Each structure stands twice: as C-alpha cells, then as structure tokens.
Amino acid sequence: MEICHISYSRLFAFLERQNRPVMEIDLIREFIPAEDTARGPECLFQKHFSVYHALHVLKGKAGRRGYYLHLDPQRIRLLPVPGQGSCGYYYPEEGCFCGAVEKASGRCENHLRADSSGVNLPVHDPLHEFYMNRSNISFGESTELAANTEAIKNYALNREAADTALAVLGISRPDPRKIKERYRAVAREAHPDLNGGDDTRMKEINEAFSLLESVFRL
C-alpha cells in the first residue's frame, strides 16, 4: 500500500483560505480521489495516514513561513503566527489566537499564568514521529491496526493530559519500556510505606501512569 500523493502547495493554499477549523474528512474529499485508494478495511487508514503525513510535513514548511498549523482529529487550522506584542495562546475550538497584548514569552497576562504549569508546552509528540515515518502506512494491512489507531486517537484527544502525565513521571521522550521503568522508580520513591513517601504524590503518579497505559498501550 502506498501513500496517496497530496500537493503541499495546494494543501497550504486550501487551508489558508479557510475561515474556520476543518475536519479530516474535508481534506480527504478535497485531495484524495476515490479511485486512488485501496478497497476494503485498509482504505480508510490509507486515506487517514496520507492526509496526516502531508499535514505533518506541511507543519514544518508552514512554520518556516511564519504560520502555525494546528492538528487534532476534528480541528485542523492554518494561521499566521501573531506578531511581536500579541499573545500567541491558541484556542482550538474557536480556531484563533488570543491576540491580547503580550506581557512576556509571547503570552498575555492571563495566559502567561496559564502556561506557568507547563501544560501548554508539549514534551513529546509521538503523533509527529508516527506520521512522518512513511512505512507506517503498512499498519493498514496489520491486525494491529485497530489497537494502534485507537491509541493514536486517544493521544490526540488527551494530548494535554498525556504531556502533563509524562511530566509527572519526568519523561521527555517516552517509549513503553521507559514509561514502565520510570513509573516503578518514582512509585518506590513516593510509596507511603517506603522512605517516608507521600499519599498525594503517589496518587498523582498512579493517575499519570493509568492515562499513559491507555495512550501508549502498555
């Protein structure tokens, strides 16, 4: 199975013209003719992967041109990055930047406080790594397709929480083995019955690991 070709220049122009976030299905209809895809259950994944591979390549190209490309399963949006002096906090549902007067680090006073927790600063992007690897289109022919697709969707829909959970465990570039090893290490340190651990910290660690279990299929 091969990736369906999508012109990056056409994709950029199409997204730039939109006055609202668009959905994945909008891009499939616009850029992938039905005759260019496989038949059967693999067809949907071929279309999905082709669109998101193109989007993740375009994200880097757009960034070099001063544009921000927001990607999630239902809200895809291309916008110029706010100029100096304007808040760059992005509202995914509305599809726009805050735009208020910048106080520091590209944020207004309200969003500077919101960013202080680090929640809005992603520590890892497994989606980008997955879609940039063209060979992953073979997942469409694998019995692992449903499980892997569900995990990818789960991360996309819980991205902020997943990034926070990774930060709780002190992980920046995770894989299943590293997450399990790190969880065991920090759990030993925080366990109430060992080393004067803390119940609150232990609960936080367990909740973080529980979320990562579903996202990374541990």
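One can find the structure itself at the top, above this paragraph.
Note that this is a predicted model, so its numbers are computed, not measured.

1. Regarding the overall build of the protein
Per the secondary structure count, the protein includes 9 helices and 4 strands. The secondary structure elements of the protein, listed N-terminal to C-terminal, are α-α-α-β-β-β-β-α-α-α-α-α-α. Buried positions account for 41% of the 218 residues belonging to the protein. Across the protein, the fraction of contacts at a sequence separation of at least 24, relative to all contacts at a separation of at least 6, is 53%. Within the structure as shown, the protein displays about 12,300 Å² of accessible surface, and the carbon and sulfur contribution to it stands at 49%.

2. Quick look at helix 1 (residues 8-17)
All of the buried residues along helix 1 are Leu11, Phe12, Phe14 and Leu15. One face of helix 1 carries all of its buried residues, which in axial projection span an arc of 165°. For helix 1, the exposed residues set more than 90 degrees away from the buried face come down to Ser9 and Arg17.

3. Remarks on the environment of Phe45
Relative to the assigned elements, Phe45 resides in helix 3 (residues 42-64). On a C-alpha basis, the gap between Phe45 and Ser138 in space is 9.3 Å, while along the polypeptide they are 93 residues apart.

4. Observations regarding the side chain of Arg77
Position of Arg77 among the secondary structure elements: in strand 2 (residues 77-80). Buried within the structure, Arg77 lacks any salt-bridge partner; Glu16 is the closest side chain of opposite charge, at an N-O distance of 9.8 Å. Separated by 3.0 Å, the side chain of Arg77 and the backbone oxygen of Gly95 make a polar contact. In this view, Arg77 contacts Gln18, Asn19, Arg20, Pro21, Tyr68, Leu69, His70, Tyr90 and Gly95; residues no more than four positions away in its chain are not counted.

5. A few points about the pattern of salt bridges
Inspection of every chain in the model, using the stated rule, returns 3 salt bridges. Residues Arg10 and Glu30 are paired through a salt bridge, measuring 3.9 Å at the closest nitrogen-oxygen approach. With Arg10 in helix 1 and Glu30 in helix 2 (residues 24-31), this residue pair connects regions lying 20 residues apart in the sequence. For Glu30, a relative accessible area of 37% puts it in the partly exposed group.

6. Looking at the packing of helix 8 (residues 176-190) against helix 9 (residues 199-216)
Interhelical geometry of helix 8 versus helix 9 gives an angle of 170° and a closest axis separation of 10 Å. Taken together, the axes of helix 8 and helix 9 are roughly antiparallel relative to one another. Across the interface between the two elements, Pro176, Ile179, Lys180, Tyr183, Val186, Ala187 and Ala190 of helix 8 pack against Arg201, Met202, Ile205, Asn206, Phe209, Leu212 and Phe216 of helix 9. Residue composition of the contact of helix 8 with helix 9, grouped by class: 11 nonpolar, 1 polar and 2 charged.

7. A look at the nonpolar core
Grouped together as the largest cluster of nonpolar side chains are 29 residues, with contacts concentrated most on Leu11, Leu15, Leu27, Val51, Leu55, Leu69 and Ile76. Only helix 1, helix 2, helix 3, strand 1 (67-70) and helix 5 (126-132) provide two or more residues apiece to this core. Sorting elements by how many residues they give to this core places helix 3 first, with 8 residues. Residues in contact with Ile76, not counting those within four places in the same chain, are Leu15, Arg20, Pro21, Val22, Met23, Glu24, Leu27, Tyr52, Leu55, Leu69, His70 and Leu71.

8. Concerning the environment of Glu207
When you line up the elements, Glu207 lands in helix 9. Look at Glu207 and you get partly exposed, because its relative accessible area is 49%.

9. Brief notes about the packing of helix 1 against helix 2
Helix 2 packs onto helix 1 with a crossing angle of 130° between their chain directions and a minimal axis gap of 12 Å. By the criterion of interaxial angle, the relationship of helix 1 to helix 2 is oblique. Like other packed secondary-structure pairs, helix 1 and helix 2 cross with a definite hand, here right-handed. Seen from helix 1, the contacting residues are Arg10, Leu11, Phe14 and Leu15; seen from helix 2, they are Leu27, Glu30 and Phe31. A per-class count over the contact of helix 1 with helix 2 returns 5 nonpolar, no polar and 2 charged.

Rules used throughout
Residues numbered from 1 in each chain as written. Predicted model: local features only at pLDDT ≥ 70, side-chain atom pairs only at ≥ 80, totals over all residues. Heavy atoms only, no water. Helix = DSSP H or I, 4+ residues; strand = E, 2+ residues; numbered from the N terminus. Buried < 20%, exposed > 50% of the residue type's maximum accessible area, 1.4 Å probe, protein only. Contact = heavy atoms within 4.5 Å. Areas by Shrake-Rupley, 256 points an atom, 1.4 Å probe, with all protein chains shown as cover. Arc of directions from axis to C-beta. Lys, Arg positive; Asp, Glu negative; His and termini not counted. Salt bridge = Lys/Arg side-chain N within 4 Å of Asp/Glu carboxyl O. Polar contact = N/O pair within 3.5 Å; in protein donor to acceptor, adjacent residues only side chain to side chain. Axes fitted to C-alpha atoms, helices over the stretch in contact; angles between N-to-C directions. Parallel < 35°, antiparallel > 145°, perpendicular 65-115°, else oblique. Nonpolar A, V, L, I, M, F, W, Y, C, P; charged D, E, K, R; others polar. Core = buried A, V, L, I, M, F, W, Y, C linked by side-chain atoms within 4.5 Å. Left-handed = near helix turned anticlockwise from the far one by under 90°.

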